[in-house]
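# Structural description and commentary
Chain residues, written in single-letter form:
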Amino acid sequence: MAHPQQLPRKALIAITSYNGPFWSDGTKTGLFYTEALHPFEALVAAGFEVDLASETGTYGLDEHSIKPPLLGEADAHALHDAAHPFNAKLRGQLKRAADVDPSQYGLFFASAGHGTLYDYPTAHGLIGIAADVYRRGGVVAAVCHGPAILPAVVDAAMGGSIIDGKTVTGFTTLAEGALGVLERIRADGLQTIEEGAERVGARYVAPQKPFEAFSLVDGRVVTGANPASAHLTAENAIAPTEAVRDVPGLRMHSDSGA
């Protein structure tokens, strides 16, 4: 395992490539815009070089994520700014996972949107990149529906998922019901984040309130619960890269200071 200080100060943000009708009004799911924008901004501010990649090299936006109230004023300004560095990466430099050299990265961050439930569990290119980063001592992070990728990311040393025996969070099954999409998830044969985590031996912890900012750090696995957690999760993912070794035990962070 590489010493964290020897890891490249370069991060890969994974983007879902799924962009199909999902919501009851017929609109599509896909990338939840701020769940990649906010981590990008946090990572760049911390001095990381950041690339974006999806399994196919394509993407589409979740239509609900680019409208109020889910899109605030500052984020709307970023969305419509073609010169914003994030938009330049997303719209013109999005990589295909198979074309990525995993050894370039010391941090893997899985962004979200309900689209991840469809493609992340079998996105072998992205899964392989995350596994390589983890094997070399890097951090693997995911927010909201991004943890859909984690059950399939194998710990080379242990043989099981990197979240086997770890405590994680992600979008709650309760919140899926509140959004009116749980039946759709069931009909499409998908697992919720809770179900996927528990299937591979992880302990799932929900935030006290489904939509409050909440993040967990368990070793080199960092997870966040919802869109409000995207920036916090990225900050927590950055912190272990500054350490000289894994810090054992669980750390919990929320907007209420838990």
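Residues numbered from 1 in each chain as written. Predicted model: local features only at pLDDT ≥ 70, side-chain atom pairs only at ≥ 80, totals over all residues. Heavy atoms only, no water.

Note the threshold: UniProt positions are given in the numbering used here, feature names are shortened, and annotations may be inferred rather than shown by experiment.
In the nomenclature of an unreviewed UniProt entry, the protein corresponds to D-lactate dehydratase from the organism Acanthamoeba castellanii. The record in UniProt for the protein states the following under Catalytic activity (unreviewed entry): "methylglyoxal + H2O = (R)-lactate + H(+)".

## What about unusual backbone geometry?
Defined as follows: In this description a helix means any DSSP run of H or I spanning at least four residues, a strand means any run of E spanning at least two, and both kinds are numbered starting from the N terminus.
A cis amide bond links proline 68 with the next residue in sequence, proline 69, at an omega value of 5°. Examined against the element boundaries, proline 69 turns out to sit in the loop between β2 (49-54) and α2 (73-79). Although it is not a glycine, cysteine 144 sits at a positive phi angle of roughly 60°. Relative to the helices and strands, cysteine 144 resides in the loop between β5 (139-143) and β6 (167-168).

## Brief notes about the packing of aromatic side chains
Remark: the centre distance and the inter-plane angle together describe each pair of aromatic rings, the angle taken between the planes. The cut-off we apply is this: Any pair of Phe, Tyr and Trp rings, taking the six-membered ring for Trp, is counted once the centres come within 6.5 Å. Such a pair is stacked with planes under 30 degrees apart, edge-to-face with planes over 60 apart, and tilted for the rest. For a lysine, the NZ atom is tested; for an arginine, the CZ atom; a charge sits over a ring if that atom is within 6 Å of the ring centre and within 35 degrees of the ring normal.
Under the criterion given, the structure shown has six aromatic pairs. Through a chain of ring-to-ring contacts, three or more aromatic side chains come together here, namely Tyr18, Phe22, Trp23 and Tyr118. Over the ring of tyrosine 134 we find arginine 220; its NZ or CZ atom is 4.0 Å from the centre of that ring.

## Focus: the layout of surface pockets
For the record, the criterion: Cavities and pockets were defined on a 1 Å grid built from protein atoms only: a cavity is a group of points that admits a 1.4 Å probe but offers it no way out, a pocket is an open group of points flanked by protein on both sides within 12 Å along at least five of seven lines, and a lining residue is one with an atom within 4 Å of any such point. Grid points are joined across faces, edges and corners, and a volume is the space filled by probe spheres set on the points. Residues are grouped as follows: Ala, Val, Leu, Ile, Met, Phe, Trp, Tyr, Cys and Pro are nonpolar; Asp, Glu, Lys and Arg are charged; all remaining types, including Gly, are polar.
Estimated volume of the largest pocket: approximately 300 Å³. For the largest pocket, the lining is made up of 18 residues, of which Phe32, Glu35, Leu70, Phe211 and Pro227 are closest to its centre. The element contributing the most residues to the lining of the largest pocket is helix α1 (residues 34-45), with three residues. Looking at the lining of the largest pocket residue by residue, the class counts come to nine nonpolar, six polar and three charged. Each pocket or cavity is described by its volume, and for the second largest pocket that value is around 170 Å³. Along its surface, the second largest pocket is lined by 14 residues, and Pro121, Ala148, Gln191, Gly196 and Arg199 are the ones closest to its centre. Across the lining of the second largest pocket, the residue classes tally to nine nonpolar, four polar and one charged.

## Concerning the environment of glycine 201
Where we set the bar: Whether a residue is buried, partly exposed or exposed follows from its accessible area with a 1.4 Å probe, protein chains only, as a fraction of its type maximum: under 20%, in between, or over 50%, in that order. Here a residue-residue contact requires only that any non-hydrogen atoms of the pair lie within 4.5 Å.
Here glycine 201 is to be found in the loop between α8 (193-199) and β7 (203-204). Relative accessible area serves as the criterion here: at 38%, glycine 201 is assigned to the partly exposed category. With 120 residues separating them in the primary sequence, glycine 201 and aspartate 81 have C-alpha atoms 43 Å apart. Here glycine 201 is in contact with Ile163, Asp164 and Gly165, once residues within four sequence places are set aside.

## With respect to the nonpolar core
For the record, the criterion: Here, nonpolar core refers to any group of buried Ala, Val, Leu, Ile, Met, Phe, Trp, Tyr and Cys residues whose side-chain atoms link them within 4.5 Å.
Among the nonpolar cores identified, the biggest contains 39 residues, and Phe108, Leu126, Ile149, Leu150, Ile162 and Ile163 are the most heavily contacted of them. Contributions of two or more residues to this core are made by β1 (10-15), β4 (107-110), α4 (116-119), α5 (124-135), β5 and α8. Ranked by the residues each element gives to this core, the list is headed by α5, at seven residues. Within the second largest apolar cluster, 34 residues are counted, among which are Tyr33, Leu37, Phe109 and Cys144.

## A closer look at the environment of aspartate 155
Relative to the helices and strands, aspartate 155 is located in the loop between β5 and β6. The spatial distance from the C-alpha of aspartate 155 to the C-alpha of aspartate 132 is 9.0 Å, given a sequence separation of 23 residues. Sequence-distant contacts of aspartate 155, that is, excluding residues within four places in its chain, are made with Tyr134, Gly160, Ser161 and Ile162.

## Focus on helix α3 (residues 85-92)
Threshold: When we speak of the arc, we mean the arc of directions from the helix axis to the C-beta atoms.
Within the sequence span of α3, burial applies to Phe86, Asn87, Lys89 and Leu90. Seen from one end, α3 has its buried residues packed into an arc of 160°, which puts them on one side. The inward-facing, buried residues of α3 abut α1, β2 and α2.

## Here we look at the packing of α1 against α3
What counts is decided by this rule: For every element, the axis is a line fit to its C-alpha atoms; helices are fit only across the contacting stretch, and the angle between N-to-C directions ranges from 0 to 180 degrees. Roughly parallel means an angle under 35 degrees; roughly antiparallel means over 145; roughly perpendicular covers 65 to 115; every other angle is labelled oblique. Put simply, a crossing is left-handed when the front helix is turned counterclockwise from the back one by less than a right angle, and right-handed when it is turned clockwise.
One can describe the packing of α1 onto α3 by two numbers: an axis separation of 10 Å at closest approach and a directional angle of 125°. In this view, α1 runs oblique relative to α3, as classed from their interaxial angle. Of the two elements, α1 crosses α3, and the hand of that crossing is right-handed. Residue-level contacts link Ala36, Leu37 and Phe40 of α1 to Pro85, Phe86 and Lys89 of α3. Here the contact of α1 with α3 is built from residues that sort into five nonpolar, no polar and one charged.

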